Amino acid sequence: RPCPLTESFAEPKAAQPLPLQLTQAFETNQFQLYQEVIAPTDTAEATIEHREVLIRLRNSHSGQLMPPMGFIPTAERYQLMPQIDRWVLQQVIRHVAKAATATSVDLEHLRYSINLSAASLSDDSFVEFLQQQLSYHRTPASSLCFEITEMVAIANIQKTIHFTTALKSLGC
């Protein structure tokens, strides 16, 4: 079962259109992050603990958590994915930095996998944003792993090569 990475304190409100809810979700703390441990089948080779970061949106009317497929297509249609990806990245980096200072977590043996959208892959300023966040929070890039779908990678092969090369040079 996924464990919360962020806490949501938003009160349920009257129903509002999803695009409006998405644009307000950053201010009203409607996004919720979870982490799910990715366990290897061969535990003898498990030197690094991998965790996938999962995002949910709290429905402003019912208070129920909405899975990604309930809001990601709308976020893509309204060009909100770069903002969502940056929010997720910032929250994860803050979480990692806080965990490293509050506990004896060995960041060399912990990786957080973050799903990225095609829009962020194509965003020339995303890697710079990542570098700024890592530097500001003094978090090692090696604690992050980025996931993109095969369809996105193939559709944007040159951008994918450039992006992955830049991430590798940071230490991701």
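Quick note: structure is the one above.
Residues numbered from 1 in each chain as written. Predicted model: local features only at pLDDT ≥ 70, side-chain atom pairs only at ≥ 80, totals over all residues. Heavy atoms only, no water.

So, about the overall build of the protein. Counting its secondary structure elements, the protein contains 7 helices and 6 strands. Secondary structure of the protein in N-to-C order comes out as β-α-β-β-β-α-α-β-α-α-β-α-α. Every one of the 172 residues in the protein was classed for burial, and the buried ones make up 41%. For the protein, contacts bridging at least 24 residues in sequence account for 72% of all contacts bridging at least 6. (Helix = DSSP H or I, 4+ residues; strand = E, 2+ residues; numbered from the N terminus. Buried < 20%, exposed > 50% of the residue type's maximum accessible area, 1.4 Å probe, protein only. Contact = heavy atoms within 4.5 Å.)

This brings us to the side chain of Glu52. Among the structural elements, Glu52 can be located in strand β3 (residues 49-58). It is Arg56 that comes nearest to the buried, bridge-free Glu52 among opposite-charge side chains, at 8.5 Å. Engagement of the side chain of Glu52 in a polar contact is seen with the side chain of Asn115, the distance being 3.2 Å. (Lys, Arg positive; Asp, Glu negative; His and termini not counted. Salt bridge = Lys/Arg side-chain N within 4 Å of Asp/Glu carboxyl O. Polar contact = N/O pair within 3.5 Å; in protein donor to acceptor, adjacent residues only side chain to side chain.)

All right, on to the nonpolar core then. If you look at the biggest cluster of nonpolar residues, it comprises 40 residues, and the most contacted ones within it are Phe31, Phe71, Ile84, Val88, Leu89, Val92 and Leu144. Broken down by element, the residue count for this core peaks at 8 residues, all from helix α3 (residues 81-102). (Core = buried A, V, L, I, M, F, W, Y, C linked by side-chain atoms within 4.5 Å.)

Moving on, we come to the pattern of salt bridges. A complete count under the given rule lists 3 salt bridges for this structure. Across the salt bridge formed by Arg51 and Glu49, the nearest N and O atoms sit 2.8 Å from each other. Among the residues examined, Arg51 registers a relative accessible area of 19% and is labelled buried. A residue is classified by how much of its surface remains accessible, and Glu49, at 32% relative accessible area, is partly exposed.

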